[in-house]
Amino acid sequence: MKTSKKIIVALLAMGSVNASAQVAEFPKFSAEAHRGGRGLWPENTILAMQNTMKFDGITTLEMDTHITKDGKVVVTHDDYLSPAFMCTPDGKDISAADSKKYPVFQMDYKKLKSFDLGSKDLPGFPNQQKVKTYIPLLSDLIDAVQKDIKANKRQQFFYNIETKCSAAGDGITNPTPEVFVKLLMDVIQKKGITPYVVIQSFDKRTIQILHEKYPNVRTSFLVANKKTYEENIADLGYKPFILSPVWQMVNEDLIKKAHADNVKVIPWTPNTVADMKALRALGVDGIISDYPDLLIQSK
């Protein structure tokens, strides 16, 4: 009897693991807000994500992650706090001379959070709302998104999460890829969103680790080069769920070859309706854009 109970418990445990390993059906067309939609709100912030979620037709929230000195996973793009859109805790500009004064990887999160993100005018994005906010923890951002989904009875959004790291930055601007992946997946698994996650990177090492150790997690290879489709796939060493090229790389031949391998093509970051429509006509499987409003208009 005791043995039977043990077997039942083991089977239930296996069922639990298998359930968590399942992936949700991916959107037929993944409409993705780049950095949460930085054309409209300060990039990679909770506010950006929450406001983008109001656009009917956006399926996916795209974001970047770094690791802090105290091992926290934070949502931000640059290795160093950018003079372009960050201010010191007392509201002063970060000078060009200090452009590498504040490496994210060398700062504890408490200090990082005190810096002002969003108050400055950003010439490249004149429609971006000006609001004082901060670089969030990935865990806090996920909590805010999931709470919003529940409160407003929204569809479940997907998360396209980029690992910002490189071999040249190991130990300087990022941890080793093994450590990065472990810290990132710890957050994702704890929050229970694994079925709705894609992990993307220019750093093939991180997604190679994911492919090996977390085969249930979808991966996307970011590229911006002159290599052929075959050369990029050979470089990666396996066929990812998504190949994500800079949008100017996309042509009919690339899409045909990718689809023959059952690889989706989701380019970044066209920011005009005309360019988005042209990409849709070629048959891309999604688009990552700074402007979720224009992305919706391009249908």
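Our subject is the structure that appears above.
Overview of the structure. Everything numeric here is computed off the predicted structure, so don't read it as measured data.

## What about the overall build of the protein?
Argument step 1. A count of helical and extended segments in the protein gives 10 helices and 11 strands.
Argument step 2. At 20 Å, the protein has a C-alpha radius of gyration in line with the 19 Å of a compact globule built from 299 residues.
Argument step 3. Once the C-alpha set of the protein is aligned to its principal axes, its extents read approximately 70 × 45 × 45 Å.
Argument step 4. In the form shown here, the protein has an accessible surface area of approximately 14100 Å², with 54% of it arising from carbon and sulfur atoms.

## Some remarks on the pattern of salt bridges
Argument step 1. Under the definition given, this model contains 16 salt bridges.
Argument step 2. Aspartate 186 is the salt-bridge partner of lysine 182, the closest N and O atoms lying 2.8 Å from each other. Within this pair, lysine 182 and its partner aspartate 186 are both found in helix 5 (residues 177-191), separated by 4 residues, close to a single helical turn.
Argument step 3. According to the relative accessible area criterion, lysine 182 is partly exposed, its value standing at 44%.
Argument step 4. For lysine 227, the salt bridge identified is with aspartate 235, shortest N-O distance 3.6 Å.
Argument step 5. Residue aspartate 235 is classed as partly exposed on the basis of its relative accessible area of 27%.
Argument step 6. Three or more residues joined by partner-sharing salt bridges are found here, namely Arg35, Arg38, Glu43, Asp64 and Asp290.

## Quick word on unusual backbone geometry
Argument step 1. With a phi angle near 60 degrees, asparagine 44 is a residue other than glycine that sits in the positive phi range.
Argument step 2. By the secondary structure assignment, asparagine 44 is in the loop between strand 1 (30-33) and helix 2 (46-52).
Argument step 3. Positive phi values are uncommon outside glycine, yet lysine 153 reaches one of about 55 degrees.

## Observations concerning helix 7 (residues 229-236)
Argument step 1. Those residues of helix 7 not exposed but buried are Tyr229, Asn232, Ile233 and Leu236. Seen from one end, helix 7 has its buried residues packed into an arc of 95 degrees, which puts them on one side.
Argument step 2. Its buried side turned inward, helix 7 meets helix 6 (204-213), strand 8 (218-223), strand 9 (242-245) and helix 8 (252-260).
Argument step 3. Among the residues trailing helix 7, glycine 237 stands out with phi positive, at a value near 95 degrees.

## With respect to the pairing of strand 7 (residues 197-201)
Argument step 1. Of all 5 residues in strand 7, 5 are buried; the element is thus mostly enclosed.
Argument step 2. Of the two faces of strand 7, the one carrying Val197, Ile199 and Ser201 and the one carrying Val198 and Gln200 are both buried.
Argument step 3. For strand 6 (residues 158-163) and strand 7, the ladder comprises 4 bridges, and the chain directions are parallel. Bridged to asparagine 160 within strand 7 is valine 198.

## Details of the side chain of threonine 269
Argument step 1. Positionally, threonine 269 belongs in the loop between strand 10 (264-265) and helix 9 (273-282).
Argument step 2. Not counting residues within four places of it along the chain, the set of residues in contact with threonine 269 comprises His34, Trp247, Ile288, Ser289 and Asp290.

## Thoughts on the environment of lysine 277
Argument step 1. By the element assignment, lysine 277 lies in helix 9.
Argument step 2. The sequence separation of lysine 277 and glutamine 297 amounts to 20 residues, and the corresponding C-alpha distance is 9.3 Å.
Argument step 3. Excluding its chain neighbours within four sequence positions, the residues that come into contact with lysine 277 are Gln297 and Ser298.

## Let's talk about the pairing of strand 1
Argument step 1. Because side chains alternate across strand 1, one face comprises the buried residues Ser30 and Glu32, and the other comprises Ala31 and Ala33, equally buried.
Argument step 2. Two strands pair when backbone bridges link them, and strand 1 and strand 11 (residues 286-289) are joined in this way by 4 bridges, in the parallel orientation. Considered in strand 11, the bridge of glutamate 32 is made with isoleucine 288.
Argument step 3. One ladder, built from 2 bridges, connects strand 1 with strand 2 (residues 60-67); its direction is parallel.

Conventions used here
- The residue numbers shown here count from 1 along each chain, following its written sequence.
- pLDDT decides what is reported in this predicted model: residues at 70 or higher carry local features, side-chain atom pairs at 80 or more are listed and counted, and totals for whole chains, interfaces and linings draw on all residues regardless.
- Hydrogens and water molecules were not included; the side-chain quantities draw on all heavy atoms of the structure.
- Secondary structure follows DSSP: runs of H or I at least 4 residues long count as helices, runs of E at least 2 residues long count as strands, and numbering of each begins at the N terminus.
- Our radius of gyration is a C-alpha quantity, and the globule rule it is checked against amounts to 2.2 Å times the number of residues to the power 0.38.
- In short, Shrake-Rupley with a 1.4 Å probe defines the accessible areas, and a residue's cover is counted only from the protein chains shown.
- Here, a salt bridge means any Lys or Arg side-chain nitrogen found within 4 Å of an Asp or Glu carboxyl oxygen.
- For every residue, the accessible area (1.4 Å probe, protein chains only) is compared with the maximum for its type, and the residue is labelled buried under 20%, exposed over 50%, or partly exposed between those bounds.
- Taken from the helix axis, the directions to the C-beta atoms give the arc we talk about.
- Pairs of residues are marked as contacts when any of their non-hydrogen atoms sit within 4.5 Å.
- When DSSP locates at least two bridges between a pair of strands, those strands are taken to pair.

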